[in-house]
Amino acid sequence: MTFNAAVQRRLTIFAFLLVPVTFLVVLNIYPVLQLFWISLTDFNSINWRRAEFVGLRNFIDLFTFDRDLLVPMTRSLYYLGGSVVQLILATWFAVVLNQKLPGSRMFRTILFIPFVLNAVAAGLIFKNFLELNGAANDILQLFFGEDFKVTWLDSSKPYSNLSLAAASVWRYLGFNLVVTFGALQAIPQDQYDAARLEGANQWQQFWRITFPSIRLVLLLQFMLSLVGSLEVFEVPMLITRGAGETSTFAITMIETGFQNRRAGTAAAMAVLMLAVVVIVFIITRLINSSRTAMKEPL
Amino acid sequence: MSFLKLENVSKSFGTFKALDDVSFEAPAGAFVVLLGPSGCGKSTLLRLITGLTEDHDGEIYINERRVTDMDPKDRKVAMVFQSYALYPHLSVRKNISFGMEINRVPRAERDRRVAEAARALQLEPLLNRLPVQLSGGQRQRVAIGRCLVREPDLFLFDEPLSNLDAKLRHDTRVELKHLHQRLKATTVYVTHDQHEAMTLATQVVLMQDGRIVQIASPMELYARPVNRFAATFIGSPAINLIKGALGADGRFVGGGLDVAIPAGVLDGPAAARPAELGLRSESVRIARDSDAHQTIAVDYIEPTGADLYVNGKVAGQDVVVRVERTEKVRPGDHLPIRWQLDQALLFDADTGVRL
């Protein structure tokens, strides 16, 4: 059997798409649809046959007598604050490293390593660092005396979230650094030379040339951080097992679904989070497209 | 009185000597063109004058001030970059007033100077546009405007026309010439294009391998180049070089020629040595009757409209001669030609120095 060129081309496209589309449907689209369905039932995580359709009750419960389940969402603020610090630090490092000083490649690599490190390894490193007899306290004892000890990871205290946010900054800084660094490299050196001739100092060069050129990239990273801070899971899970004050929304969700066997409620939480993420992305896109249309060059 | 003065300027990058003992002076109002092939150090020299490249030997003076160790911003120089280096997120108006804002020039003064520059450069309708919305020529004018408003002692141009198409390049060149004649601003202009150098310069600094080859006015550079490099770099098509020998009797023999060199061609007395005779394509006419020096076997003809450039072989060597467009020449013809030897240039075959 022979095909003409047009049919052959279509078959090729179809063949190439078959595998990824199958995976997408089976592993992504189907579970998401199922998630929506489960959020409308009282599924107990075990017996699908006994699940009953309950309408929007899971959602109503979340905002009434299950309100405790939403409390961990406020802890996202620690991580959001952390990512702002992280973004500022990354931008600062990127600007410094962009000045082609000796060793800048090495520093870039060092700052990027935590990001490519295995999540468990990164978690363990920071856990050791912040333990009662860990390096953090050792270093501080040099300044404040032998008796100085901070229980950085005491999960009964809200401040432990700061420690975890710091761990998160350490881990993800490299990502921001590399992205921002890439954006910086696209700015022609001539612009800085011209500004120097006109008398702009380093600070003015940053605010008047660098910042406007990387503003969109920074905004995008901030939005990613915003979404990321809602979904924080691995850092608290690995360091404090998400106990007490350090539980995040994602951790609570998993506990609700798998330990308390309230899959319907957990699914409703997931849908809620998805809604927030979608809203954030829509806002980003709106800001992005209006800025691009108005100001930015291609 | 010299307005711009460089004394024994040298600059190395590692072991590479980019500039080697460069000295020259230019009077106020001069249009100095730094000319040379790529890699000759002309852009490095320009950056040394701006102060953007540091650490060099020698001294630089601008307007009677020693600027050698000065910060770029204090040198009172303004530069048009090859890429124009406009700030992409700022409007034309903001681009032009950028430096004045940095230096806290009062708003009224800023507006006045921007308006003045915009008028001079016909940028008025474009003031609120962004650089992306401008054509290459318009961007160029904005970059010049940015320099004008700073009222600098010295204008610097780094290959400013190389990003423009041929037509625009010509127009912008004319505009630059007008501008210079009107403002009388002392200018240093870097280019590898001999045509730009010839048309714009009051003084050409020809460079090669980090050294100055010759400093001269364009016409002098063309008529009396110091060596073979200067003679071949300037002029299009390139000068014809005929290998041979100069005799003590003042006769040149070689390439099928045996001719007496007229008085005035040689700078000094004739001495016997291997030499090259340089003849530009226009230093020739089609010979009538029996006064022909040689015959050119025509390969192909380049018509330019005004003239014809006849490419061919004379005594086995490639030669280009310019003839009137009314001449009927065809490939394969054998054309008798007579060189105008009073316009000839003679070079030492070994050193390349003009004799």
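Residues numbered from 1 in each chain as written. Chains lettered and ligands numbered in written order. Predicted model: local features only at pLDDT ≥ 70, side-chain atom pairs only at ≥ 80, totals over all residues.

**Digging into the overall build of chain A**
Within chain A, the secondary structure is distributed over twelve helices and zero strands. When its helices and strands are written in sequence order, chain A yields α-α-α-α-α-α-α-α-α-α-α-α. Taken against the 2.2 N^0.38 rule, which gives 19 Å for 298 residues, the C-alpha radius of gyration of chain A at 24 Å runs more than 25% over that of a compact globule. When the 298 residues of chain A are sorted by exposure, 30% land in the buried category. (Helix = DSSP H or I, 4+ residues; strand = E, 2+ residues; numbered from the N terminus. Rg over C-alpha atoms; globule rule 2.2 N^0.38 Å. Buried ≥ 20, exposed ≤ 12 C-beta atoms within 10 Å, placed from the backbone.)

**Notes on helix α6 (residues 135–144) of chain A**
Counted residue by residue, α6 of chain A has zero buried out of ten residues, so it is predominantly exposed. At the C-terminal side of α6 of chain A, Gly-145 of chain A shows a positive phi close to 95°.

**Structural notes on the interface of chain A and chain B**
In this complex, chain A contributes 16 residues to the contact, which on the side of chain B involves 19 residues. A per-element tally of the side of chain A that touches chain B places helix α8 (residues 189–197) of chain A first, with six residues. Among the residues forming the side of chain A that touches chain B, the class breakdown is seven nonpolar, four polar and five charged. (Contact = placed C-beta atoms within 7 Å. Nonpolar A, V, L, I, M, F, W, Y, C, P; charged D, E, K, R; others polar.)

**Focus: the sheet that holds strand β13 (residues 257–260) of chain B**
Residue and element names in this part refer to chain B. Pairing is antiparallel in the open sheet, where five strands are placed in the order β13-β12-β11-β14-β20. Among the strands making up the open sheet, the edge pair consists of β13 and β20 (345–348). Ignoring which end each strand starts from, the neighbouring axes of this sheet average 35° apart. Strand direction decides the pairing type here: strand β12 (residues 251–254) and β13, joined by four bridges, are antiparallel. Within β13, the position partnered with Gly-254 by the bridge is Leu-257. (Pairing = 2+ DSSP bridges. Axes fitted to C-alpha atoms, helices over the stretch in contact; angles between N-to-C directions.)

**Focus: the packing of helix α2 (residues 92–102) of chain B against helix α4 (residues 136–148) of chain B**
Two measures define how a pair of helices packs: the angle their axes make with one another and the distance between the axes. Residues and elements named next belong to chain B. Put simply, α2 and α4 touch, their axes get as near as 8 Å, and they point 30° apart. Viewed along their axes, α2 and α4 adopt a mutual orientation that is roughly parallel. The two elements α2 and α4 cross, and the hand of that crossing is right-handed. Packed against α2, whose contacting residues are Val-92, Asn-95, Ile-96 and Phe-98, the element α4 presents Val-142, Gly-145 and Arg-146 at the interface. Looking at the contact of α2 with α4, its residues break down into four nonpolar, two polar and one charged. (Parallel < 35°, antiparallel > 145°, perpendicular 65-115°, else oblique. Left-handed = near helix turned anticlockwise from the far one by under 90°.)

**Topic: unusual backbone geometry**
All names here are of chain B. With an omega of 0°, the peptide bond running from Ser-236 to Pro-237 counts as cis. Inspection of the secondary structure assignment puts Pro-237 in the loop between α8 (228–233) and β11 (240–246). Positive phi, close to 55°, is recorded for Arg-104, a residue that is not glycine. Notably, Gln-122 is not glycine yet its phi reads approximately 55°, a positive angle. The residue Gln-122 is located in the loop between α3 (107–120) and α4 in this model.

**Let's talk about the sheet that holds strand β7 (residues 154–158) of chain B**
Residue and element names in this part refer to chain B. Strand order in the open sheet made by the six strands is β6-β7-β8-β3-β9-β10, with mixed pairing throughout. Of all strands in the sheet, those with a lone pairing partner are β6 (77–80) and β10 (211–216), marking the two edges. Adjacent strand axes in the sheet meet at a mean angle of 20° when their direction is disregarded.

**Looking at the pairing of β11 of chain B**
Walk down a regular strand and you will see the side chains alternate between the two sheet faces. All names here are of chain B. Burial analysis of β11 places five of its seven residues in the buried class, the great majority of the element. Bridge count for β11 against strand β14 (residues 273–279) is seven bridges, and the pairing is antiparallel. Looking at the pairing, Gly-244 lines up with Ala-275 of β14. In the sheet, β11 pairs with β12 via two bridges, with the strands oriented antiparallel. In the strand pairing of β12, Leu-246 is matched with Phe-252. Between β11 and β12, which pair antiparallel in sequence order, lie four residues; one of them, Gly-250, sits at a positive phi of approximately 85°.

**Comments concerning the environment of Phe-43 of chain A**
One can find Phe-43 of chain A in the loop between α1 (5–38) and α2 (57–63). Non-local contacts of Phe-43 of chain A, meaning those with residues more than four positions away in its chain, are made with Ile-38, Trp-48, Ala-51, Ala-263 and Gly-264 of chain A.

**So, the nonpolar core**
Counting 94 residues, the largest nonpolar core has Val-32, Val-33, Leu-34 and Leu-156 of chain B as its most contacted members. Of the residues that make up this core, three or more belong to each of domain 1 (2–233) and domain 2 (240–348) of chain B. Once you skip the residues sitting within four places of it in the chain, Val-33 of chain B turns out to touch Tyr-189, Thr-191, Ala-197, Leu-200, Ala-201, Val-204 and Val-205 of chain B. In terms of nonpolar packing, the next biggest core, distinct from the first, is built from 41 residues, Leu-164, Ala-266, Ala-268 and Leu-272 of chain A among them. (Core = buried A, V, L, I, M, F, W, Y, C linked by C-beta atoms within 7 Å. Domains from an automatic or database assignment.)

**Digging into the domain arrangement of chain B**
Residues and elements named next belong to chain B. Domain annotation for chain B reports domain 1 (2–233) and domain 2 (240–348). For domain 1 versus domain 2, the separation of C-alpha centres amounts to 38 Å. Contacts between domain 1 and domain 2 engage four residues on the former and four residues on the latter. Grouping the amino acids of the side of domain 1 that touches domain 2 by side-chain chemistry returns two nonpolar, one polar and one charged.

**Quick notes on the environment of Ala-292 of chain B**
Residues and elements named next belong to chain B. Among the secondary structure elements, Ala-292 is positioned in the loop between β15 (284–286) and β16 (294–303). On the basis of neighbour counts, which here come to 15 C-beta atoms within 10 Å, the residue Ala-292 falls in the partly exposed class. Taking the C-alpha atoms as reference points, Ala-292 and Arg-338, separated by 46 residues in sequence, lie 4.9 Å from one another.

**Some words on the pairing of β16 of chain B**
Residue and element names in this part refer to chain B. For β16 and strand β19 (residues 334–339), the ladder comprises four bridges, and the chain directions are antiparallel. Looking at the pairing, Thr-295 lines up with Pro-336 of β19. Remark: three residues form the turn of the hairpin made by β16 and strand β17 (residues 307–314), two consecutive strands paired antiparallel; Gly-305 in that turn has positive phi of roughly 100°.

**A few points about the packing of helix α7 (residues 160–185) of chain A against helix α9 (residues 202–230) of chain A**
Residues and elements named next belong to chain A. Interhelical geometry of α7 versus α9 gives an angle of 145° and a closest axis separation of 9 Å. The two elements α7 and α9 cross, and the hand of that crossing is right-handed. Within the contact between the two elements, α7 uses Asn-176, Val-179, Thr-180, Ala-183 and Leu-184 and α9 uses Thr-210, Ile-214, Val-217 and Gln-221. Partitioned by chemical class, the residues of the contact of α7 with α9 number five nonpolar, four polar and no charged.

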